[in-house]
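So the chains spell out like this:
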Amino acid sequence: MLELKNIYKTFNPGTINEKVALNGVSLSLNDGDFVTVIGGNGAGKSTLLNAVAGTWFVDEGSILIDENDVTKLPEHKRAVYLGRVFQDPMTGTAATMEIQENLALAKRRGNRRSLRPGITKQEREEYVSLLASLGLGLENRLTSKVGLLSGGQRQALTLLMATLKKPKLLLLDEHTAALDPKTAAKVLSITDQIVNRDHLTTLMITHNMRDAILHGNRLIMMSEGKIILDISGEEKKKLTVKDLLEQFEKVSGEEFANDQALLG
Ligand SMILES: Nc1ncnc2c1ncn2[C@@H]1O[C@H](COP(=O)(O)OP(=O)(O)OP(=O)(O)O)[C@@H](O)[C@H]1O
Ligand SMILES: [Mg+2]
């Protein structure tokens with residue numbers, strides 16, 4: 001579903017701020033793979049997702065989504081393949097619009113006749129059932145303005161919107177990091193539910209090693225623009241946070257910052 005072949009990205013080349021952010025990354029995801037991505041600050045995790053999304057072009061290497069070469073495709077054209085959710089609950093939804101209007105926007109994404117006003121009864125029923133599946137009571141609040149929702153409710157809604165058109169790839173960049181632990185756990189369980197229901201191929205960055213172990217069928221660890229660990233299947237199920245810390249130190253020769261969030 002996703003094939004990254006030896007990609008490189010250097011920011012500000014030839015200047016004092018030169019930074020090699022991706023240093024020869026190859027990665028191949030099968031249909032339905034749910035991959036968690038961990039690594040220290042500045043390891044290149046967000047850059048990896050941005051490379052896939054086409055925020056800019058990579059310097060070298062190629063990117064295929066479902067066998068389509070998108071390496072030179074601009075971001076807006078790649079968007080048809082992708083659903084994305086970011087860390088900040090304010091970014092994925094339009095605060096001044098109603099819940100149902102936000103969903104309708106997501107539904108009409110990529111449609112030429114997207115300015116058609118009004119939401120049909122059938123659509124409303126679809127939204128009610130999708131919202132009900134979140135278990136947050138939002139199905140009774142279709143006409144509430146999104147700005148009134150909590151951060152967790154907004155992230156859950158953003159997830160629904162990002163997955164409404166069943167994207168080929170779902171990209172999650174620490175989408176629960178701004179939430180309190182209980183809400184984060186709820187949004188993660190909703191994430192599991194949607195990914196499993198629609199069999200979505202997913203890349204999920206997290207700072208929390210426990211979450212990285214608990215979710216998905218495969219885990220990759222990045223350091224200095226490289227993938228330094230790639231564990232899947234039964235081996236992943238047996239992982240512990242201690243294993244991950246040891247592996248990191250062994251492979252990279254450094255120690256993870258003693259960051260509580262990181263340790264989970
Ligand atoms: N647009 C940009 N311009 C310049 N440098 C950038 C840009 N984006 C990322 N970088 C640099 O590339 C490196 C990798 O950044 P990236 O955001 O991918 O890290 P990360 O693994 O997501 O870290 P974090 O856990 O802090 O989010 C960092 O040194 C960062 O400063
Ligand atoms: Mg990041």
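Residues numbered from 1 in each chain as written. Chains lettered and ligands numbered in written order. Predicted model: local features only at pLDDT ≥ 70, side-chain atom pairs only at ≥ 80, totals over all residues. Heavy atoms only, no water.

A. Main features of the overall build of the protein chain. Regarding its fold elements, the protein chain presents 10 helices and 10 strands. Here the protein chain has a C-alpha radius of gyration of 19 Å; the compact-globule value for 264 residues is 18 Å, and the two agree. Along the three orthogonal principal directions, the C-alpha set of the protein chain runs to about 60 × 40 × 35 Å. When each of the 264 residues of the protein chain is scored for burial, the buried share is 48%. Put simply, of all contacts in the protein chain between residues at least 6 apart along the chain, 66% involve residues at least 24 apart. Counting every atom, the protein chain has about 13,000 Å² of accessible surface; 49% of that belongs to carbon and sulfur. Taking the average place of the 33 positive charges on the side chains of the protein chain and the average place of its 33 negative ones, the gap between the two points comes to 8 Å. (Helix = DSSP H or I, 4+ residues; strand = E, 2+ residues; numbered from the N terminus. Rg over C-alpha atoms; globule rule 2.2 N^0.38 Å. Buried < 20%, exposed > 50% of the residue type's maximum accessible area, 1.4 Å probe, protein only. Contact = heavy atoms within 4.5 Å. Areas by Shrake-Rupley, 256 points an atom, 1.4 Å probe, with all protein chains shown as cover. Lys, Arg positive; Asp, Glu negative; His and termini not counted. Charge placed at Lys NZ, Arg CZ, Asp CG, Glu CD.)

B. Geometry of the side chain of K236. Here K236 lies in helix α8 (residues 233-237). From its side chain, K236 meets the backbone oxygen of A212 in a polar contact 3.3 Å long. Among the polar contacts made by the side chain of K236, one reaches the main-chain carbonyl oxygen of I213 at a distance of 2.7 Å. K236 has contacts with T36, A212, I213, L214, H215, G216, N217, R218, L219 and I231, leaving out every residue within four places of it along the chain. (Polar contact = N/O pair within 3.5 Å; in protein donor to acceptor, adjacent residues only side chain to side chain.)

C. Fine view of the site of ligand 1. Close contacts around ligand 1 come from 14 residues, with N41, G42, K45, S46 and T47 the closest. N41 is positioned such that a nitrogen or oxygen atom in its side chain is 2.8 Å from an oxygen atom of ligand 1. Here an oxygen atom of ligand 1 and a backbone polar atom of G42 are 2.8 Å apart. Contact with the protein chains hides 64% of the accessible area of ligand 1, taken as 630 Å² for the molecule alone. Mapped onto the shell around ligand 1, the elements with two or more residues apiece are β2 (19-29) and α1 (45-53). Per-element tally for the shell around ligand 1: the top contributor is α1, with 3 residues. (Near = heavy atom within 4 Å.)

D. Looking closely at the packing of aromatic side chains. Going through the model one piece at a time under the given rule, you end up with 1 aromatic pair. Ring centres of F11 and W56 lie 5.5 Å apart, and the angle between their planes is 80 degrees; on these two criteria the pair is classed as edge-to-face. Placement of the pair is F11 in strand β1 (residues 2-11) and W56 in the loop between α1 and β4 (60-65), with a sequence separation of 45 residues. (Phe/Tyr/Trp six-rings, centres within 6.5 Å; stacked < 30°, edge-to-face > 60°.)

E. Main features of unusual backbone geometry. Positive phi outside glycine occurs at K166, with the angle close to 45 degrees. Its location among the elements puts K166 in the loop between α5 (151-163) and β7 (169-173). Although it is not a glycine, E174 sits at a positive phi angle of roughly 50 degrees. Examined against the element boundaries, E174 turns out to sit in the loop between β7 and α6 (181-198).

F. How the structure looks around the pattern of salt bridges. Inspection of every chain in the model, using the stated rule, returns 12 salt bridges. Note that K9 and D59 form a salt bridge whose closest N and O atoms lie 4.0 Å from each other. A residue pair is termed long-range when its members are at least 10 positions apart, and K9 in strand β1 and D59 in the loop between α1 and β4 qualify at 50 residues. Its relative accessible area of 43% is what places D59 among the partly exposed residues. Members of the salt-bridge network, linked through shared partners, are D33, R218 and D230. (Salt bridge = Lys/Arg side-chain N within 4 Å of Asp/Glu carboxyl O.)

G. Structural context of the sheet that holds β2. On the basis of which strands lie adjacent, the open sheet formed by 4 strands has the order β2-β1-β4-β5 and antiparallel pairing. Only two strands of the sheet have a single partner each, and these edge strands are β2 and β5 (68-69). Sheet analysis places β1 next to β2, joined by 8 bridges and oriented antiparallel. The residue of β2 that forms the bridge with K9 is L22. On top of the sheet, α1 reaches β1, β2 and β4; it is set at about 115 degrees to β1, its chief contact. (Pairing = 2+ DSSP bridges. Axes fitted to C-alpha atoms, helices over the stretch in contact; angles between N-to-C directions.)

H. Up close: the sheet that holds strand β10 (residues 226-232). Strands sit in the order β6-β7-β8-β3-β9-β10 across an open sheet of 6 strands; the sheet is mixed. Edge positions in the open sheet fall to β6 (82-85) and β10, since each of these has one partner strand only. Taking each pair of neighbouring strands and ignoring which way they run, the sheet shows an average axis angle of 15 degrees. Here strand β9 (residues 218-223) runs beside β10; their pairing, made up of 6 bridges, is antiparallel. In the strand pairing of β10, M222 is matched with I227. Across the face of the sheet, α1 comes into contact with β3 (34-39), β6, β7, β8 (201-205) and β9 while running at roughly 150 degrees to β7.

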